[in-house]
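# Residue-level structure breakdown
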Amino acid sequence: MHMRDIRIGAQLSAAFALVLFFVVVLGVLAWYHTDVVWRSLDGLYRHPFVVREAIGDLRSDILIIHRNMKDLLLTEDPARQDVLLRGIGLAEIDAEQQFDILFDRYLGHRSDIDSVRIAFELWKGIRQQTVRLLHAGRRDEAVQRTMADGVGGAHAEHMYRLLRTIQGTAQSKADYFRQRSNEQKRALTQRLVGVVLLILFLSGFLGLLLFRAIRQPVSELTTAAARFTNGDYDVRSSVKGRNELGCLSAAFNGLAEKIQREIRLRDTVQHIKHALVEEHTLHTASKTLLRSILTRTSAKSGAVYLYQEANDNYTLFESIGMPSDTPVSFSALQREDVFGLTMETKEITRISNITDDAMFLLKTPEGRLRPKEILSIPIIFDGRTHAIIAITSPTGFSDQDLGVFDQLSLFLGTYFSNIQTAERIEAYASTLEKQNQELEAQTRELCRQAEELGEQNVELALQKQELSKASAMKSTFLSNMSHELRTPLNSVIALSGVLQRRLRDSISEQECSYIEIIERNGKHLLSLINNILDLSRIEAGREVIENSDTNIAHLVRDVSDMLLPQAEAKNLRLECSVQQDLPTVVTDAAKCRQILINLVGNAIKFTDAGSVRVSACVREETMRILVSDTGIGIAPQQLEYIFDEFRQADEGVARKHDGTGLGLAISRRYATLMHASIEVESVLGQGSSFTLVLPLRSEVSADRYGTQSSTVNTVFEYASHSGAHILIVEDNEAAQLQLREILEPQGYRISTAGNGAEALRQVREIMPDGIILDLMMPEIDGFELLRLLREGAYGGTIPVLILTAKQVTREELASLKGNNIHQFIQKGDISKRELLAAVAGLVRGSESVIPAVPDDRTEPQHLSPLPTVLVIEDNSDSMVTIEALLHGVCEVKQAGDGFTGIEMAVRLKPEIILLDISLPELDGFQVLDAIRKQTHLRDTPVVAITALGTIDDQHQIIRRGFTACVEKPVDGANLIRTIMGLIHGIHQS
C-alpha cells in the first residue's frame, strides 16, 4: 500500500505509537539504572556508613564514661558525684544501643563485635570496683586505677584498639561498594547511549517518511490555491489519494469549479446591469435587456410584455427573434395561456419538454426550429407584476442561465420601477416648471409683503421701547404717588381720630359719626394704596422673601384676634381651631400673615350670617391652613377669575361689599413667591373654603438674625421664668434702671455691668442664664466682648441678646452670627412687650415669641415734665396732625426744613426727633447724617416719618441709621407707643 493511500491520521498515530514505544523503553531502562544505583547507595548507607557512625558514637560514650570516672574521684561533693554517676549510666545505655546497631549492620566477623562487647562488660566491673574503693575511703587507690597505666585506663585503651579494627573493616567495605558503583555506572552509561542513538535513528527515519508523504501534496495544494487567488480560475489540484489530502484536493477542485461558475454568473449579471444603466427610457431599456440576454445566455428569442392598467392585460412592448404570429396581449384577470402560472405565483416559470406537435416555431435561414424550453420571468415591484419577459431556447437553459435570471429578477423590478418613476417625474417636471413660473410671481408678491412686515416690526420695536419707558415711568409715578397720597391721608386719618376723642362729648352723635366715616374711609383708601403698591412691587420683581422659623399656631391665633372685632361687628362667629403642637414652618411670616389677613378678611366681608372658621393641620409634608365660611359662595364659572387683578366673582357683589379685587391676586402672588399654593372650593349660596398650602421646609434658609419689624402685633402666652439670672451689659445707667423695672417684676434676677471687663468678671462668678448686650461701650465694645465670651471657658454657651441703637453693617452682622447670638434687636424698633418676649426666648434658648402682656393701646401716662420732641416736617398739615396726636403727651418743637431741624436739634437737645424722609434741599437721610455727627446727639433716638410703607423700605430705613420707623398716615396709638418706649429708655444706647 502506498503512503498516499494511508490516512494522515493513521500515519501520525503510527508515528506517535512508535515514539511512545521508544519513550517507554527509555523509561524502563532509566528505571533499571536508577534501581541499580539505589541498591549500591543503600548498601553503602546501611553497612559501612551506619557502622562508622555507630563506632564514633561508641567511642564518645567510652570517652564520657572515662572522663566522668576521673571527675568522680576528684570531687567530694555528693550532689556532683550523683550527677557524674547519672552521666555514666546514660552513656552505658547509649553504648548498648550502638552495640545493637553494630550487631545488625556490621559486615565483618561477628567475633570482632563480641570481643568489644566482652571488654566493655569487663570495664564495667572495673569501674564498679573503683567506685567501691572510693566509697571505702581509698581514694588514692581508686585514682590510680583510672590512670593510663592503671587497670581502668589500660582497659579503655584496649577497647579503642578493638574499635579501630572494626572501623578498618567498615572502611574496606565502603571502598568495595564505591568500586562496584563505578563499574555499574560505566555499564549503564554505555547501554543508555546505545538506546538513545537507536531512538534518534528510528525517529529521523519515521519523520522523513511523514515529511515526504505530507509535504509534497500540501505544496501542490498551496500552489493551486495561490494561482486561483491570483485569477487563474482554470487551475485544479492534481493530488490524488484516499487520505485527507486527497479529500482536500477534491474539495478544493469542487470549490474552484463552483466559484468559477459564480464568477461567470456575476460577470454576466453585471454586464447586463451595466448595459441597462445607460438607458433612460422604457423602450430602449427593454430592447437592451433582450439583446443582452440573447447574447450572454443560450436564449435565441425573447419578448417583453408590459402591464396596461387601462384594459387590465399584458401587451407586447418589445421583442427580438419572435415569430410574426406571436400573441400581442394576455389577460391579467383570467390568468391563462403561458403567463397564467407566472402571474399567479409571481415566480419564474419554466416550460420544458415541448412536444413535436407544438405550434410555436422559430424562423431560421434553414427553416423553422421548435424551441426546447420557454421561460417566463415576472418583473415585480410594489407587490405587483408590472411586466413579464418571455424567452425561448432551442437547446434548453443551463443552470448558469437560470442563476442569471434569478439574480436579475429582483434587480429588474427595481430598475423598471425607477425607469417608470423617472418618466413620470419628467412628466411632472414639465408641469412643475409651469407651476414654478406661477410661484415666482407669487414669491415676488410675498417679498413685497415681507418688506411691509419688516417696516411694521420696526414700528413694533419702537412701541416696545415706549412701553418699557412707560413701565419705568409707572413705577416712578407709583413711588411718588405713595408719598403724595400718604401725606394728606396722614392728616385726614390722624386728625379725625384726634377730633373724635376730643369732641366725643362736645358734639352730637351724628356729627361724631361723620368723623368716624372720615377716619374709616381714609384707612380704606390707605389700604387700597398699599395693595396697588404691593402688586406693583411684585410685578417689578422687587419683592424679597425673608424666611424664618414661623409658629403657625401663634400666627393663626394672632390674625384671628386681630380680625375678631370685624366679625363681632357683623354678629359672626370667628372660630379658631388650631393645635398648639403644630411644627414650625420655614417661611416668610409677614407675607404669610398678610395672606391670612386677606383670606379671613374676605370671609368676614362676604358672610352675612353664620360663622367663619380658621384651622390648620399637617398633611403629606405640608402645612394646610383652611379658612371656611358660610357666606355667599362663588359660582363655578367664576372660580378661575377670582385670583385675577381687579376682578371679583360678581360685579354686583363687589359694589355691595366694596373692594378692588386685589386681595386674592396679591395673596396668590405671595404664595407663589413662597413656593406655596392656595386652593379654593365653593358652593354658590352655601359658602367657600380657601386653603393655604405651605411646605414644611422652604427652599430658602431662614435668617433669624434679621432686624425685627416694629409693626409686629402678635399676642402669645409665655411661661414664667422666675429665678432666671440675666446679666445686663450696658454703660448707660438710665437704660440699666429701665431694664430692671421691666424684667424684675416678671421674676428675673438682674445683675448689671457698666463695661466689658466687669462683664467678663461677673460671667466667671455668677454664670448667668442669659446676657443682654449693648454694642456701643467704651474700651471693650460689644463685638470684642462677645468674641472673648465665645473663646473663653465660661461664656461659650450662654445665650446673648443684642440690644443696640447702632446701625449694624453687613460685615458686623456676619460677625455677630458667627459668634452665635440668640437674637438681634434694633433699639427704637421694639416695645416693652416685645422685649419681654425676646428675654423669655433667651432664657429658653429658642426663638423668641411675643408674650401676652398688656398692650399699651390706651392713653399713655403723662410724664412730668413733658419730654421734648423735635418734629422736622415740611408739610404743614402733617405737622399739625403730629402736634395734635402728641398734645398733652410731649412738648412738640417744629422745624420746617432740614437746615432748621439740624440747628434746633443742636440747640434744644430733644429727647426724641421725628424726621420726615422727603424734605426739600436736604432729605431725611442727609439730616440724620448731620445729626449723628454731633457728639451729644449721637445716641438721640431718631424716628423716621415716611410714606414708604413696605417692609423692605422700612428695613432699609432702619439700616441707614434710624432708631425706628413710623408709617404715614401716622397711627396715633403706634406713634405714642414708639415714643413711650424710647422715652422709657429701653432703646437708649
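Below is a short write-up of the structure. Not measured: the values here are computed from a predicted model.

What counts as what
- Residues numbered from 1 in each chain as written.
- Predicted model: local features only at pLDDT ≥ 70, side-chain atom pairs only at ≥ 80, totals over all residues.
- Heavy atoms only, no water.
- Helix = DSSP H or I, 4+ residues; strand = E, 2+ residues; numbered from the N terminus.
- Buried < 20%, exposed > 50% of the residue type's maximum accessible area, 1.4 Å probe, protein only.
- Contact = heavy atoms within 4.5 Å.
- Areas by Shrake-Rupley, 256 points an atom, 1.4 Å probe, with all protein chains shown as cover.
- Core = buried A, V, L, I, M, F, W, Y, C linked by side-chain atoms within 4.5 Å.
- Pairing = 2+ DSSP bridges.
- Axes fitted to C-alpha atoms, helices over the stretch in contact; angles between N-to-C directions.
- Phe/Tyr/Trp six-rings, centres within 6.5 Å; stacked < 30°, edge-to-face > 60°.
- Lys NZ or Arg CZ within 6 Å of the ring centre and 35° of its normal.
- Parallel < 35°, antiparallel > 145°, perpendicular 65-115°, else oblique.
- Left-handed = near helix turned anticlockwise from the far one by under 90°.
- Nonpolar A, V, L, I, M, F, W, Y, C, P; charged D, E, K, R; others polar.

What follows deals with the overall build of the protein. For the protein, the helix and strand inventory stands at 24 helices and 25 strands. A buried classification covers 43% of the 989 residues belonging to the protein. Put simply, 67% of the contacts in the protein that link residues at least 6 apart link residues at least 24 apart. Per element, the accessible surface of the protein, about 52,600 Å² overall, is 54% carbon and sulfur.

Structurally, T946 is set in strand β24 (residues 942-946). The class of T946 is buried, set by a relative accessible area of 2%. Once residues lying within four places of it in the same chain are set aside, the contact partners of T946 are I917, I957, C965, V966, E967 and K968.

Further remarks concern the nonpolar core. Core analysis: the largest hydrophobic core is formed by 43 residues, its most contacted members being M623, I625, L692 and L694. Of all the secondary-structure elements, those providing two or more residues to this core are α11 (552-569), α12 (589-605), β12 (611-619), β13 (622-629), α14 (663-673) and β15 (687-695). In this view, L694 contacts I552, V585, T587, C592, T622, M623, I625, M674 and A676; residues no more than four positions away in its chain are not counted. I65, I113, V131 and Y160 belong to the second largest nonpolar core, which has 32 residues in total.

Sheet strands pair via backbone hydrogen bonds, and the direction of the pair is either parallel or antiparallel. Overall, antiparallel pairing links the 6 strands, which are arranged β3-β2-β1-β8-β7-β4 in an open sheet. Of all strands in the sheet, those with a lone pairing partner are β3 (329-331) and β4 (349-351), marking the two edges. On average, adjacent strands in this sheet sit at an angle of 20° to one another, irrespective of strand direction. Pairing analysis gives 6 bridges linking strand β1 (residues 301-308) to strand β8 (residues 384-393), with the strands arranged antiparallel. Residue pairing in the sheet places Y305 in a bridge with I388 of β8. Packing against the sheet, helix α7 (residues 282-296) makes contact with β1, β2 (313-320) and β8, and its axis sits at approximately 60° to β2.

Attention shifts here to the sheet that holds strand β21 (residues 868-872). If you trace the 5 strands from one edge of the open sheet to the other, you get β22-β21-β23-β24-β25, paired in parallel fashion. For this open sheet the edge positions go to β22 (891-895) and β25 (964-967), each flanked by a neighbour on one side alone. Across the sheet, the axes of successive neighbouring strands diverge by a mean angle of 25°, strand direction being ignored. For strand β23 (residues 912-916) and β24, the ladder comprises 4 bridges, and the chain directions are parallel. By the bridge assignment, L914 is partnered in β24 with V943. In this fold helix α24 (residues 972-983) packs onto β23, β24 and β25, with an angle of close to 140° to the strand it touches most, β23.

Attention now goes to the packing of aromatic side chains. For the structure shown, the criterion picks out 4 aromatic pairs. For the ring pair F120 and W123, a centre distance of 6.2 Å and an interplane angle of 65° mean the geometry is edge-to-face. With a gap of 3 residues between them, F120 and W123 both fall in helix α3 (residues 110-135), about one helical turn apart. By the burial criterion, F120 is buried, and W123 matches it. In textbook terms, an aromatic cluster arises when at least three aromatic residues are bridged by ring pairs, as seen for F99, F120 and W123. Here the basic side chain of R127 rests over the ring of W123, its NZ or CZ set 4.6 Å away from the ring centre. In this arrangement the basic side chain of R960 is found over the ring face of F925, its NZ or CZ atom lying 4.1 Å from the centre.

Unlike most non-glycine residues, H675 shows phi in positive territory, near 60°. With respect to the helices and strands, H675 occurs in the loop between α14 and β14 (677-683). Phi at M767 takes a positive value of approximately 45°, unusual for a residue other than glycine. Relative to the helices and strands, M767 resides in the loop between α16 (756-766) and β18 (770-773). Residue classification places M767 among the partly exposed positions, given a relative accessible area of 39%.

The next subject is the environment of Q171. When you line up the elements, Q171 lands in helix α5 (residues 151-229). Assessed through its relative accessible area of 31%, Q171 is described here as partly exposed. Taking the C-alpha atoms as reference points, Q171 and V51, separated by 120 residues in sequence, lie 9.4 Å from one another.

Turning next to the packing of helix α2 (residues 78-105) against α3. Packing of α2 against α3 leaves a shortest axis separation of 10 Å and a crossing angle of 165°. In terms of axis orientation, α2 runs roughly antiparallel to α3. You can see that α2 and α3 cross each other, and the crossing is left-handed. Between α2, through I88, E92, A95, E96, F99, L102 and F103, and α3, the contact on the second element is made entirely by R110, I113, D114, V116, R117, F120, E121, K124 and R127. Its residues assigned to classes, the contact of α2 with α3 shows 8 nonpolar, no polar and 8 charged.

A few words on the pairing of β1. Taking burial as the measure, the 8 residues of β1 include 7 buried ones, the bulk of the element. One ladder, built from 7 bridges, connects β1 with β2; its direction is antiparallel. Looking across to β2, one finds that Y305 is bridged to L316. Between β1 and β2, which follow one another and run antiparallel, lie 4 residues, and D312 among them has a positive phi close to 55°.

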